[in-house]
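Fold and geometry: a report
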Protein chains: 2
Amino acid sequence: MAETSAPIPHVEDWRDDEGELKTELVRAVSDAVEAGDAVRLKDLVGEAHEADMGDLIAQLSSDERTRLVELLGADFDFNALIEVDDAIRVEILEDLSPEQVAEGVADLDSDDAVALLEDLTEEDRTEILDKLTPIDRVALKRAFDYPDDSAGRRMKDDFIAVPPFWTVGQVIDHLREADDLPEDFTEIFVVDPGYHLQGHIRLDRILRTKRGVPVTEVMEEDVRTVEAGEDQHDVALMFERYNLLSAAVVDDAGRLVGVLTVDDIVDVIEEEADAEIKALGGVKADEEISDSVWTTAKGRFGWLFINLITAFVASTVLKSFEVELEKMVALAVLAPIVASQGGNAATQTMTVAVRALATHELGPHNALRIIIREVMAGFINGLAFAVITGLIAGFWFGIADLGLVIGLAMICNLVAGAMGGILIPLALDRLNADPAVSSGPFVTTVTDVTGFLAFLGIATWWFKI
Amino acid sequence: MAETSAPIPHVEDWRDDEGELKTELVRAVSDAVEAGDAVRLKDLVGEAHEADMGDLIAQLSSDERTRLVELLGADFDFNALIEVDDAIRVEILEDLSPEQVAEGVADLDSDDAVALLEDLTEEDRTEILDKLTPIDRVALKRAFDYPDDSAGRRMKDDFIAVPPFWTVGQVIDHLREADDLPEDFTEIFVVDPGYHLQGHIRLDRILRTKRGVPVTEVMEEDVRTVEAGEDQHDVALMFERYNLLSAAVVDDAGRLVGVLTVDDIVDVIEEEADAEIKALGGVKADEEISDSVWTTAKGRFGWLFINLITAFVASTVLKSFEVELEKMVALAVLAPIVASQGGNAATQTMTVAVRALATHELGPHNALRIIIREVMAGFINGLAFAVITGLIAGFWFGIADLGLVIGLAMICNLVAGAMGGILIPLALDRLNADPAVSSGPFVTTVTDVTGFLAFLGIATWWFKI
């Protein structure tokens with residue numbers, strides 16, 4: 001009793017109030033690694049959760065990381081490597097010997113082993129797989145046969161399946177006696193001899209049922225299943241929609257091959273949100289905070305290049321009004337305001353459209369209503385900013401008509417921005433392109449060109465330049 | 001046996017291949033509601049999952065929604081209303097009588113009841129709470145005493161706690177006999193008489209342990225706990241970091257008051273990603289696809305207004321070079337290219353910085369390294385685009401020196417953009433402002449002003465205008 005009434009150890013001892021790893025800890029670990037002091041190192045990090053360990057590894061230098069893994073030896077939990085950035089993980093795995101990695105992989109769940117080895121080259125991966133036991137090797141090779149980002153890659157192949165003629169009591173006895181059960185599980189599957197799914201039973205149902213009851217009486221037949229080849233994006237949407245804790249994964253022949261749990265899906269949701277945010281900001285989904293200067297610069301060049309082209313396209317519009325700009329330089333001063341305001345309004349619409357497409361809230365059934373709403377909202381804000389911008393511009397340059405001209409151009413451009421902001425993502429989605437990645441440059445081109453054209457065109461006509 | 005070998009009913013019958021609700025279904029439901037045909041309606045939607053039902057409700061007209069709830073009467077599962085947009089939910093709840101809502105609320109878990117009533121006015125909510133049984137009322141009022149978006153609002157107050165002197169057998173008997181247990185649960189808490197947490201036991205451990213073993217021997221003492229007042233953002237980070245399925249919620253005095261499960265956290269993660277994406281795109285977090293034109297336009301006005309001010313600030317730079325622009329109109333044509341390219345590079349940096357701050361990957365320990373990386377990446381791409389833009393501009397206007405000038409300006413602006421893109425989010429974060437919401441306009445001002453100033457300044461000096 002003395003032991004159990006002791007205070008529960010505070011698991012957050014490693015972190016300060018902001019949730020950052022404490023500097024003293026990082027320094028102490030780094031010193032122990034430099035000194036090659038395995039005993040001290042085990043003292044420091046022995047009890048660490050894999051996630052804390054991952055964060056710690058990320059903060060060490062390249063050399064220290066590999067030495068830490070080597071010093072900890074069999075005490076090192078390879079799960080920690082799943083928590084670090086891809087670039088760091090690959091670097092450490094390449095530095096270690098294939099034997100060391102294989103030993104670490106042998107302790108992992110199948111889904112974690114896949115996550116660990118996924119970003120290695122085919123060659124490095126095969127070298128490691130060849131060091132595993134035949135059973136582990138075949139299981140992992142099968143997982144790697146499924147496409148990237150599919151349910152088959154994310155699932156655990158370790159689950160409990162019982163035949164439909166068992167009773168609850170037989171299930172409980174099996175659980176008490178079998179010693180090759182998965183680490184933790186929240187449900188049991190009922191399958192026929194061909195491993196076709198008959199139903200599933202949640203553990204609380206088993207605990208609350210008398211031993212003599214047949215499993216077929218307590219099982220739910222209505223199991224959410226996922227095909228192993230299905231994309232993780234669709235699987236995540238299903239988990240979110242139906243608040244699932246787990247789903248059964250079946251192969252082409254409908255046989256149960258694995259189970260997906262919500263903690264894997266949390267990672268997928270995080271990954272997808274990250275990819276969407278980065279795409280909208282013109283950054284590649286795989287850019288990581290640990291990337292080198294060169295990788296970073298190279299990765300961002302492409303999007304900037306496309307935007308440079310759109311900027312030149314917009315400038316050809318300005319150039320075609322060279323004579324007018326020369327005669328009335330106020331136009332050159334004000335034109336970027338019209339373009340920028342349209343661009344910002346269009347970005348708002350595009351953001352909403354991209355989000356709604358990603359969550360399936362925007363589809364054929366309501367597209368027309370949303371297009372109309374956006375265009376009308378664009379028109380209303382166009383009117384509002386026509387008045388505001390018109391007044392400021394008119395007074396600033398002491399030319400009342402200039403206010404009128406910029407106001408009209410503002411309305412045109414905010415309506416054009418709204419149309420571009422919604423129609424371009426819809427069109428890209430229809431063409432099976434990712435609207436988060438590709439919409440931006442098109443939308444900006446629309447508002448830059450429309451902004452310059454409307455403002456300078458109306459000005460030329462009004463002032464008879 | 002005949003029943004159990006029947007094929008598992010396909011739960012996705014309502015949806016087409018794209019995951020959209022089938023149009024025929026929506027039309028049939030709408031017709032049944034219009035005709036007031038409760039029998040047909042129950043036939044159509046009787047077995048529906050709350051999430052499908054929520055999507056269906058969203059697609060009906062305002063009048064049809066309330067009529068559907070009324071026609072289904074006691075068969076309507078109020079969980080479906082949690083799945084729809086806030087605006088739709090509030091509208092339906094306001095249309096129904098407080099008695100009807102109270103009846104529906106009585107069937108819900110505490111966390112779902114909170115989610116349902118959260119967006120109502122204080123007055124409407126009190127009216128509904130007053131119709132509940134005293135026990136339900138007190139429990140819900142307590143939840144509403146916790147701040148918005150806190151763990152106390154999201155937790156279930158329904159959990160299983162057992163004393164430390166019980167055996168596993170006693171726990172199993174309790175689960176078999178008690179009839180006021182939560183619907184589903186995956187763990188059991190061990191508490192002292194003052195409800196202080198001693199440990200927790202996962203159900204699989206109970207199933208695998210002999211009846212005579214004391215719970216203190218199978219429980220894990222290392223329970224992740226959350227304070228009821230803690231913000232859901234921090235809680236979600238903890239769930240993600242440690243791959244938790246659930247966490248115990250304790251009050252100020254350390255007493256167990258509820259449990260948070262990962263399915264609630266999935267919603268929080270989704271909500272937060274949504275808010276971050278919208279913030280970066282200049283859209284309010286609470287904007288919904290079902291908002292009216294007027295609400296949409298009004299909600300977006302503020303951000304556009306701030307951006308208008310920044311656009312005028314940038315234009316004052318252009319205006320201060322009026323004489324030069326008049327003498328050399330090519331400058332007016334090319335200046336927006338410099339500003340836009342800097343703005344896009346800065347957006348990339350800002351996106352990465354905002355993301356890394358949200359995930360706690362960027363903190364005091366690596367800020368300097370990331371600032372240096374960004375500035376160097378900005379310099380490298382600045383050089384690259386200096387050459388590209390310089391060549392194009394030089395040939396386009398037939399003035400080689402113009403290429404040199406725009407190239408130098410491009411380098412300045414991409415470096416300035418990188419600095420603004422990283423330093424502004426870092427500063428806002430330090431000031432406890434949300435960098436996703438506020439960074440954009442500041443960053444754009446930096447690149448617009450620097451772009452115009454660098455390009456026109458260097459041009460004035462070089463060409464001695």
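Computed from a predicted model, the values in this text were never measured in an experiment.

**Notes on the overall build of chain A**
Secondary structure summary: chain A contains 23 helices and six strands in total. Each principal axis of the C-alpha distribution contributes one length, and for chain A these read about 95 × 60 × 50 Å. For chain A, buried positions account for 55% of its 465 residues. In the structure as shown, chain A presents an accessible area of about 19,800 Å², 55% of it carried by carbon and sulfur atoms.

**Some words on the interface of chain A and chain B**
The partner chain B presents 136 residues to the 136 residues of chain A that form the contact. Each partner contributes to the roughly 12,200 Å² buried at the junction of chain A and chain B, and carbon and sulfur atoms together form 63% of this total. It is A:Arg176, A:Leu207 and A:Ile289 in chain A that bury the most area against chain B; as a group they hold 7% of the surface buried on that side. Summed over the shared surface of chain A and chain B, the number is eight salt bridges. For B:Glu287, the salt bridge identified is with A:Arg373, shortest N-O distance 3.7 Å. For the pair chain A and chain B, the number of links is 34 residue pairs in polar contact (both at pLDDT 80 or more). Broken down by element, the residue count for the side of chain A that touches chain B peaks at 17 residues, all from helix α18 (residues 293–320) of chain A. Taken together, the residues of the side of chain A that touches chain B sort by class into 63 nonpolar, 32 polar and 41 charged.

**A few points about the UniProt feature "domain: CBS" (unreviewed entry) in chain A**
The sites that UniProt annotates as "domain: CBS" (unreviewed entry) are residues 219–276 of chain A. Between the C-alpha atoms that bound residues 219–276 of chain A there is a distance of 39 Å. The span itself is 45% helix and 24% strand.

**Things to note about the pattern of salt bridges**
Here the structure, examined in full by the defined rule, presents 52 salt bridges over all chains. In this structure, A:Lys42 and A:Asp75 form a salt bridge, with 3.4 Å as the shortest nitrogen-oxygen distance. Within this pair, whereas A:Lys42 is found in helix α3 (residues 38–45), its partner A:Asp75 is found in the loop between α5 (62–72) and α6 (79–82), the two being separated by 33 residues in sequence. Across the pair B:Arg373 and B:Glu374 runs a salt bridge, and its minimum N-O distance is 3.0 Å. You'll find B:Arg373 and B:Glu374 in the same group, each marked buried. Linked through salt bridges whose partners overlap, the residues forming this network are A:Glu118, A:Asp148, A:Asp149, A:Arg153 and A:Arg154.

**Some points on the relation of the copies chain A and chain B**
Structural alignment of chain A on chain B gives an RMSD of 0.1 Å, achieved by rotating through 180° and translating 0.0 Å along the axis. Put plainly, the chains are arranged around a two-fold axis. Taken as a fraction of all interface residues of chain A, those also at the interface in chain B reach 100%, which identifies the copy contact as same-surface.

**Quick word on the UniProt feature "transmembrane region" (unreviewed entry) in chain A**
Residues and elements named next belong to chain A. As annotated in UniProt, the feature "transmembrane region" (unreviewed entry) corresponds to residues 379–399, 405–428 and 440–463 in the numbering used here. The span residues 379–399 shows a helical share of 90% and a strand share of 0%, and its end C-alpha atoms are spaced 25 Å apart. In residues 405–428, helix accounts for 100% and strand for 0%; the two terminal C-alpha atoms are 34 Å from one another.

**Focus on a nonpolar patch on the surface**
Residues and elements named next belong to chain A. A contiguous nonpolar patch, built from Leu404, Leu408, Trp461 and Trp462 and spanning about 420 Å² of accessible area, is present on the exposed surface. Where the nonpolar patch is concerned, the elements lending two or more residues are α22 (400–430) and α23 (435–462). Along the chain, the position of Leu404 falls in helix α22. Classification of Leu404 as partly exposed rests on a relative accessible area of 42%.

**Description of the pairing of strand β2 (residues 187–191) of chain A**
Residue and element names in this part refer to chain A. Summarising burial for β2: five of the five residues are buried, a large majority. Of the two faces of β2, both are covered, the one formed by Glu187, Phe189 and Val191 as well as the one formed by Ile188 and Val190. With helix α13 (residues 168–177) bridging strand β1 (residues 161–162) and its parallel neighbour β2, the resulting β-α-β unit is right-handed. Where β2 meets strand β3 (residues 197–202), five bridges bridge the pair, whose relative direction is antiparallel. From the neighbouring strand, Phe189 faces β3, where its bridge partner is His200.

**Brief notes about the sheet that holds strand β5 (residues 246–250) of chain A**
All names here are of chain A. In space, the three strands of this open sheet follow the order β4-β5-β6, with mixed pairing throughout. Unpaired on one side and paired on the other, β4 (225–227) and β6 (256–261) mark the two borders of the sheet. Strand-to-strand twist of the sheet, defined as the mean angle between neighbouring strand axes without regard to direction, takes the value 35°. As paired strands, β5 and β6 are joined by five bridges and run antiparallel to one another. Bridging across to β6, Val249 finds its partner in Gly258.

**Observations concerning the sheet that holds strand β2 (residues 187–191) of chain B**
Residue and element names in this part refer to chain B. Across the sheet, which stays open at both edges, the three strands sit in the order β1-β2-β3 with mixed pairing between neighbours. Only two strands of the sheet have a single partner each, and these edge strands are β1 (161–162) and β3 (197–202). Pairing geometry for β1 and β2, over two bridges, is parallel. Following the sheet pairing, Ala161 is matched in β2 by Phe189.

**Thoughts on a negative patch on the surface**
Residue and element names in this part refer to chain A. Judged by side-chain charge, Asp31, Glu34, Asp63, Glu70, Glu91, Glu94 and Asp95 come together as a negatively charged surface patch. Taken together, the elements giving at least two residues each to the negative patch come down to α2 (23–34), α5 and α7 (86–95). On the secondary structure map, Glu94 appears in helix α7. Among the residues examined, Glu94 registers a relative accessible area of 46% and is labelled partly exposed.

**As for α3(A)**
All names here are of chain A. Residues of α3 that are buried include every one of Leu41, Leu44 and Val45, and no others. When α3 is viewed along its axis, its buried side chains cluster within an angular range of 75° and face the same direction. Residues of α3 that are exposed and point more than 90 degrees away from the buried face comprise Val39 and Asp43. On the buried face of α3, the contacting elements are α2, α4 (50–59) and α5.

**Section: α22(A)**
If you check α22(A), its first and last C-alpha atoms are 45 Å apart, about what 31 residues at 1.5 Å a residue would give, namely 45 Å. One or two steps after α22(A), the chain reaches A:Asn432, where phi turns positive at roughly 60°.

**Regarding the packing of aromatic side chains**
Applying the stated criterion to the full structure yields 14 aromatic pairs over all chains. On the numbers, 4.8 Å between centres and 15° between planes, the contact of A:Phe385 with B:Phe301 is stacked. Separated into two different chains, A:Phe385 in helix α21 (residues 367–397) and B:Phe301 in helix α17 (residues 293–320) make up a pair that spans both. Residue classification places B:Phe301 among the partly exposed positions, given a relative accessible area of 28%. Taking the centre distance of 6.0 Å and the plane angle of 65° together, the rings of A:Trp461 and A:Trp462 count as edge-to-face. Residue A:Trp461 is classed as exposed on the basis of its relative accessible area, which comes to 59%. Judged by its relative accessible area of 33%, A:Trp462 falls in the partly exposed class. Grouping aromatic residues by their ring pairs yields a cluster made of A:Phe301, A:Phe305 and B:Phe385. Between the NZ or CZ atom of A:Arg125 and the centre of the ring of A:Phe144, over which it lies, the distance is 4.1 Å.

**Observations regarding the side chain of B:Ser30**
Residue and element names in this part refer to chain B. In this fold, Ser30 is placed in helix α1 (residues 23–34). Overall, Ser30 belongs to the buried group, its relative accessible area being 16%. At 2.8 Å, the side chain of Ser30 and the side chain of Glu64 are in polar contact. Ser30 has contacts with Leu60 and Glu64, leaving out every residue within four places of it along the chain.

What counts, and at which threshold
- Sequence order sets the numbering: in each chain, residues are counted from 1 along the sequence as written.
- In the order they appear in the text, chains get letters beginning with A and ligands get numbers beginning with 1.
- Restriction of local features to residues with pLDDT of at least 70 applies here, the model being predicted, together with a cutoff of 80 or more for giving and counting side-chain atom pairs; totals for whole chains, interfaces and linings are based on all residues.
- As a convention, hydrogens and water are excluded, and side-chain values are obtained from all of the structure's heavy atoms.
- Going along the chain from the N terminus, every DSSP run of H or I of four or more residues is numbered as a helix, and every run of E of two or more is numbered as a strand.
- Whether a residue is buried, partly exposed or exposed follows from its accessible area with a 1.4 Å probe, protein chains only, as a fraction of its type maximum: under 20%, in between, or over 50%, in that order.
- We get accessible surface area from the Shrake-Rupley algorithm with a probe of 1.4 Å; when it comes to residues, only the shown protein chains can shield them.
- Should any heavy atoms of two residues lie within 4.5 Å, those residues are considered in contact.
- A 1.4 Å probe defines the accessible area here, and the buried area is the portion of it lost by two parts on being joined, summed over both.
- Basic side-chain nitrogens of Lys or Arg form a salt bridge, by our definition, when they fall within 4 Å of a carboxyl oxygen of Asp or Glu.
- A 3.5 Å cut-off defines polar contacts: any pair of N or O atoms within that distance qualifies, except that in protein one atom must be a possible hydrogen donor and the other a possible acceptor, and neighbouring residues in sequence count only when both atoms are side-chain atoms.
- The classification used treats Ala, Val, Leu, Ile, Met, Phe, Trp, Tyr, Cys and Pro as nonpolar, Asp, Glu, Lys and Arg as charged, and all other residues, Gly among them, as polar.
- UniProt positions are given in the numbering used here, feature names are shortened, and annotations may be inferred rather than shown by experiment.
- Superposing the copies works by least squares over the C-alpha atoms of residues that have pLDDT at least 70 in both of them.
- Like charges within 9 Å and nonpolar side chains (Val, Leu, Ile, Met, Phe, Trp, Tyr) within 5 Å are joined into patches, using only residues over 30% in relative accessible area that form no salt bridge.
- Crossovers are marked right-handed if the path from the first strand over the helix to the second runs clockwise, as seen with the strands pointing away from the viewer.
- Two strands qualify as a pair provided DSSP detects at least 2 bridges between them.
- For every element, the axis is a line fit to its C-alpha atoms; helices are fit only across the contacting stretch, and the angle between N-to-C directions ranges from 0 to 180 degrees.
- In this charge count, Lys and Arg are treated as positive and Asp and Glu as negative; neither His nor the chain ends contribute.
- Where a charge lies is defined by one atom per residue type, namely NZ (Lys), CZ (Arg), CG (Asp) and CD (Glu).
- The arc in question is the one traced by the directions running from the helix axis out to the C-beta atoms.
- In a helix, the anticipated span is given by 1.5 Å times the number of residues less one.
- Stacked, tilted and edge-to-face are the three classes assigned to paired rings of Phe, Tyr and Trp, where Trp is represented by its six-membered ring and a pair needs centres within 6.5 Å; plane angles under 30 degrees give stacked, over 60 edge-to-face, the rest tilted.
- Placement of a positive charge over a ring is assigned whenever Lys NZ or Arg CZ falls within 6 Å of the ring centre and within 35 degrees of the normal to the ring plane.

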